[in-house]
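Next come the chains, spelled out residue by residue.
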Amino acid sequence: MRCRKCTEQAIINMRQHKLALCKRHYVEWIQEQTQRFIEKYEMFTPQDRVLVAVSGGKDSLALWDVLLSLGYQADGMYIHLGINYTDGESYSDESLQKAQTFVETHWPDARLHVVDVAARYGAPLPQAARISNRGRGKPCSVCGLVKRHVMNRVAREGEYAALATGHNLDDEVAVLMSNLLHWQTGYQARQAPTLPSSQLGLAKKVKPFCRFYERETAAYALVQGIDYVYEECPHSVGSKTIHYKEWLNQLERESPGAKLQFYLCFLQAKKEGNLFPQFQDQVTLQACGRCGQPTSAPGLCAFCRLWDRVTHTQVLEPATTGQMPESKNT
Ligand code: SF4
Ligand code: ZN
Ligand code: ZN
């Protein structure tokens, strides 16, 4: 297969975009699209300093690479959680090593903050979670809490304008699916490419890769020669998120573009206020010019427009037997 933009051999074919690209044009495409999403979702500007949460995995390292390539002032932050593989080898050490190697080989002037949870707070994450969970269950909820706290602290103390994470489309649709299956509307309301900072001290959070498929970020890391930790966190084995991703991939195989459509329609529904009562409140209402009922439409409300259409049709088709309403103003 040939590249859509030149005659070179394509290295990736994105069926949902009907787009095949060679190595050079693929790198350009990922960077241009990221820039587009940064602007579209009002994430940050070239004047802003951005903190990238780096895990040593493909998404976060690729994101950091793209932001630096686009000329953004992006520093990295790695949180060493003290997680080990089942054979006792350190997963966290290996991940940190990948992040440090990325800096040395790709961006030697870039700054990487490292926060060691055990050194700073007194215990590695798995131990803290065991205590907190009384020895039961996975450490993931405690881990999420710790990571959110540390990321926010470093972002605020460093006066960064935004905290960027490498969540890709597969991550976002898996979370969306999980929240839908459990009807966790509060979580759905807060799921967005950009979450503004709050006066209570929450840093602005952005996900510039939220519209890229996982295979696209992996392909970017590969062609840019970024070495990353291939293994997932050992605690992710058997997680619901992995199952949701498998189901969604099955759907995608049968219907290319389904995952992207699912996510974009969700964002559109949120934007239009069709999803949650709290978003409905933000819709500007005014009085209908005829019946005076509140309406978001300029001029006549949907009810009056309906009866206008009915009346018009009855004038054209006098044989119609439908009854008129008693009054258009009731
Ligand atoms: Fe933390 Fe690992 Fe669970 Fe992810 S899978 S939340 S990194 S413990
Ligand atoms: Zn090309
Ligand atoms: Zn506190």
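Residues numbered from 1 in each chain as written. Chains lettered and ligands numbered in written order. Predicted model: local features only at pLDDT ≥ 70, side-chain atom pairs only at ≥ 80, totals over all residues. Heavy atoms only, no water.

**Q** Can you help me understand the nonpolar core in this one?
**A** Buried together is how nonpolar side chains tend to be arranged in soluble globular proteins. In this structure, Tyr26, Phe44, Trp64 and Leu67 are the most contacted members of the largest nonpolar core, which totals 55 residues. Of all the elements, helix 2 (residues 58-69) adds the most residues to this core, at seven residues. Setting aside chain neighbours within four positions, we find tyrosine 26 in contact with Ile11, Ile12, Met14, Leu21, Glu216, Thr217, Ala219, Tyr220 and Val223. Listed in part, the 23 residues of the second largest apolar core include Ala129, Val146, Val150 and Ala155. (Core = buried A, V, L, I, M, F, W, Y, C linked by side-chain atoms within 4.5 Å. Buried < 20%, exposed > 50% of the residue type's maximum accessible area, 1.4 Å probe, protein only. Helix = DSSP H or I, 4+ residues; strand = E, 2+ residues; numbered from the N terminus. Contact = heavy atoms within 4.5 Å.)

**Q** What is the right way to look at the sheet that holds strand 5 (residues 112-116) in this model?
**A** Two orientations exist for strands paired in a sheet by backbone hydrogen bonds: parallel and antiparallel. The strand order 5-4-3-6-8-7 describes an open sheet built from six strands, whose pairing is mixed. Edge strands, defined here as strands with exactly one partner in the open sheet, are strand 5 and strand 7 (194-195). Helix-sheet contacts for helix 3 (residues 91-106) involve strand 4 (73-80) and strand 5, and the interaxial angle to strand 4 is about 160 degrees. Packing against the sheet, helix 6 (residues 140-157) makes contact with strand 3 (49-53), strand 4, strand 5 and strand 6 (162-164), and its axis sits at approximately 145 degrees to strand 4. (Pairing = 2+ DSSP bridges. Axes fitted to C-alpha atoms, helices over the stretch in contact; angles between N-to-C directions.)

**Q** What should I look at first to understand the coordination of the zinc ion (ligand 2) in this one?
**A** Working reference: metal with six octahedral donors, ideal angles 90 or 180 degrees; metal with four tetrahedral donors, ideal angle 109.5 degrees. The protein atoms that coordinate the zinc ion (ligand 2) are Cys3 (SG), Cys6 (SG), Cys22 (SG) and His25 (ND1), at distances of 2.1 to 2.3 Å. If you look at the zinc ion (ligand 2), its four donor atoms make angles of 100 to 114 degrees with each other, and the shape they trace is tetrahedral. All donors of the zinc ion (ligand 2) come from a single chain, and their spacing in sequence reads C-x2-C-x15-C-x2-H. Look at cysteine 3 and you get buried, because its relative accessible area is 5%. Using a relative accessible area of 23% as the deciding quantity, one classes cysteine 6 as partly exposed. (Donors = N, O, S within 2.8 Å, 3.2 Å for Na, K, Ca; no water. Tetrahedral: all angles 85-135°; square planar, octahedral: opposite > 155°, others 65-115°.)

**Q** How do you make sense of unusual backbone geometry when you look at a structure like this?
**A** We note that lysine 18 has phi near 50 degrees; this positive angle belongs to a residue other than glycine. Looking at where lysine 18 falls in the secondary structure, it is placed in the loop between strand 1 (12-14) and strand 2 (19-21). A relative accessible area of 67% means that lysine 18 is categorised as exposed. At glutamate 42, a residue that is not glycine, the phi angle is positive and equals roughly 50 degrees. Counting through the fold element by element, glutamate 42 comes out in the loop between helix 1 (23-40) and strand 3. According to the relative accessible area criterion, glutamate 42 is exposed, its value standing at 62%.

**Q** Looking at this structure, how should I read the packing of aromatic side chains?
**A** The description of an aromatic ring pair uses the distance of the two centres, along with the angle that the planes make with each other. With the rule as written, the count across this model stands at nine aromatic pairs. Taking the centre distance of 5.0 Å and the plane angle of 85 degrees together, the rings of phenylalanine 44 and tyrosine 72 count as edge-to-face. Taken together, the residues span a long stretch of sequence, with phenylalanine 44 in the loop between helix 1 and strand 3 and tyrosine 72 in the loop between helix 2 and strand 4 at a distance of 28 residues. Both residues of the pair, phenylalanine 44 and tyrosine 72, belong to the buried class. Through pairs of rings, three or more aromatic residues link up here, namely Tyr26, Trp29, Phe37, Phe209 and Phe212. Over the ring of tyrosine 160 we find arginine 49; its NZ or CZ atom is 4.2 Å from the centre of that ring. (Phe/Tyr/Trp six-rings, centres within 6.5 Å; stacked < 30°, edge-to-face > 60°. Lys NZ or Arg CZ within 6 Å of the ring centre and 35° of its normal.)

**Q** Please explain the packing of helix 7 (residues 169-181) against helix 11 (residues 258-272) as it appears in this structure.
**A** Where helix 7 contacts helix 11, the two axes come as close as 10 Å, and the packing angle between them is 65 degrees. In this structure, helix 7 meets helix 11 at a crossing whose hand is left-handed. Contacts between helix 7 and helix 11 involve Leu169, Asp170, Glu172, Val173, Leu176, Met177 and Leu180 from the former and Lys259, Leu260, Phe262, Tyr263 and Phe266 from the latter. Tallied by class, residues from the contact of helix 7 with helix 11 come to nine nonpolar, no polar and three charged. (Left-handed = near helix turned anticlockwise from the far one by under 90°. Nonpolar A, V, L, I, M, F, W, Y, C, P; charged D, E, K, R; others polar.)

**Q** Help me understand the site of ligand 1 in this model?
**A** Around ligand 1, the neighbouring residues are Ile83, Pro139, Cys140, Cys143, Lys147, Cys233, His235 and Ser236. Its residues placed into classes, the shell around ligand 1 shows five nonpolar, two polar and one charged. (Near = heavy atom within 4 Å.)

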